[in-house]
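Given next are the chains, with one letter for each unit.
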Amino acid sequence: MVACGLLLLAACRREPTSDAPSWQGAVVFAPHLPATPYPYSALNFPQSWLDDPALALFSGFGGDIEVTDAGATLGRVLFHDTRLSVDNSVSCGSCHRQSRAFADDVAGSTGVSGIPLARNTPGLFNLQYQRRLFWDMRVVGLENQVLQPIGHPDEMGMDLGALVDKLADTPYYPQLFEDAFGDAEVNLDRIMDALVQFLSCIRTYQSRYDAGLANDFADFTESELLGKDVFFNGSTRCNQCHSGLNFFSTQPTINGLENDYAAAGDGGIGDLTGNAADDGRFKTVSLRNVGLTAPYMHDGRFATLREVVDFYSDNIEPHPHLDERLSEAGMGPSGQAPYLLDLNEAEREGLVAFLHTLTDTAIVADPIFGSPF
Ligand code: HEC
Ligand code: HEC
């Protein structure tokens, strides 16, 4: 019996590729890819998004990225490949999990060093509209971002020069680079380009909310309708920051989690500019898929959407530069006393229910974005 069980276990394991040399002793598994590449180049936003004047203004880089099916395929393999890390243990997808809309389910993700990262891992989607990356928006352009985690000692810890040799030495990469770029040369520009192509394909616009836009929210529950009203009514002003079809803003704001963020350990943009008016200024993140991306905020301080709603309702901290939309008047100078919404129980539950309608169940299941390993 025991021997049989062991045999079964061995049979279930994937076979290493036949001509696999080992890199630092690791067994190499080939990715499972479709015979014909997935049609990444045919993907796009729906016309309503492309026609949206606000989104068109925000469109940071989408226009100048040329996506090919083979290029994005290579990007998908790179994104999910633990061989991009120094000890073959961590891929981009280890922290940016497809099932979580490419966010992580812990506040401090860990990479090769095991030291938890200080900031919450954000979801990755609709990146066309984000010219500036990271919670403090410190990097301009995805092309300048994607190699950073590979070299970061607490993320993937891989020397970028060694990475090129390692991938060139990995049996399945030369062909994938040739398919994508015309010859088998592996270099950092190509790694960057393929990752950017893949990431730019992750678009999210299919949620119950989007279906509601098309049918006047006929399928929304009472609670979701109430929550929608609370979100869009003029007193919470949620939609004045988390705005438009992407529920975000390209302008960073201070939403009153602390009255002194720098003293609490992370001043956000203030740490970069040294300007007190930027203390705690962070990216006004998209609320799309927020039902999948717990925990919340730049440091993952809130475990549930209910905690987020309770925060906005009752606990916004006074801050010398609190955004005026979070004050009673909703306008005027920053730094006014925070509003006290004091939402009732039905409104709180409704707001949470409404936020869940922004979940896109397609991108989390679509194999074209999933791990090929
Ligand atoms: C160990 C976990 C970890 C790994 C591995 C990792 N990331 Fe991240 N990623 C993060 C965290 C945390 C942030 C936010 C950091 C910040 O804002 O300072 C982030 C931010 C990003 C952003 C910016 C998103 C935004 O909305 O601003 C992109 C894009 C990104 N990562 C892509 C990648 C790619 C591509 C890889 C692989 C090459 C990768 N990440 C590997 C944890 C990780
Ligand atoms: C003044 C602009 C502003 C207003 C108004 C506002 N938010 Fe936010 N929101 C932000 C910013 C900025 C963050 C990120 C802050 C951080 O992490 O430090 C955020 C974060 C969030 C998050 C967490 C997202 C994540 O992925 O971690 C949720 C959920 C959220 N807001 C919901 C709401 C709701 C609901 C309302 C209305 C009650 C609202 N917001 C009003 C600016 C705003």
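Here the structure is shown first, and the text comes after it.
Described in the following lines is the structure provided in the data block. (Residues numbered from 1 in each chain as written. Chains lettered and ligands numbered in written order. Predicted model: local features only at pLDDT ≥ 70, side-chain atom pairs only at ≥ 80, totals over all residues. Heavy atoms only, no water.)

1. Some words on the coordination of the iron atom of ligand 2
Around a metal, the idealised angle for a tetrahedral arrangement of four donor atoms is 109.5 degrees; for an octahedral arrangement of six donor atoms it is 90 or 180 degrees.
Point 1. Taken together, His242 (NE2) and Tyr312 (OH) make up the full set of protein donors to the iron atom of ligand 2, lying 2.0 Å away.
Point 2. Metal-centred angles of 86 to 180° between the six donor atoms at the iron atom of ligand 2 mark the site as octahedral. Taken together, the positions of His242 in the loop between α12 (238-241) and α13 (261-264) and Tyr312 in helix α15 (residues 305-314) put the pair 70 residues apart, joining distant regions of the chain.
Point 3. For His242, a relative accessible area of 12% gives the class buried. (Donors = N, O, S within 2.8 Å, 3.2 Å for Na, K, Ca; no water. Tetrahedral: all angles 85-135°; square planar, octahedral: opposite > 155°, others 65-115°. Helix = DSSP H or I, 4+ residues; strand = E, 2+ residues; numbered from the N terminus. Buried < 20%, exposed > 50% of the residue type's maximum accessible area, 1.4 Å probe, protein only.)

2. Section: the packing of aromatic side chains
Point 1. For the coordinates displayed, the defined rule picks out 25 aromatic pairs.
Point 2. On the numbers, 6.3 Å between centres and 65° between planes, the contact of Phe232 with Phe247 is edge-to-face. Here Phe247 lies in the loop between α12 and α13 and Phe232 lies in helix α11 (residues 222-232), a separation of 15 residues in the sequence.
Point 3. Judged by relative accessible area, which is 1%, Phe247 ranks as buried.
Point 4. A centroid spacing of 5.5 Å and a plane angle of 35° characterise the contact between Phe302 and Phe311, whose relative ring orientation is tilted. Judged on exposure class, the residue Phe302 and its partner Phe311 are both buried. (Phe/Tyr/Trp six-rings, centres within 6.5 Å; stacked < 30°, edge-to-face > 60°.)

3. Description of the pattern of salt bridges
Point 1. As enumerated under the stated definition, the model contains 18 salt bridges in all.
Point 2. Among the salt bridges present, the one from Asp323 reaches Arg325, with a minimum N-O distance of 2.8 Å.
Point 3. The buried category is assigned to Asp323, whose relative accessible area is 7%.
Point 4. Several salt bridges converge on common partners, so that one network encompasses Arg306, Asp310, Asp314, Glu345 and Arg348. (Salt bridge = Lys/Arg side-chain N within 4 Å of Asp/Glu carboxyl O.)

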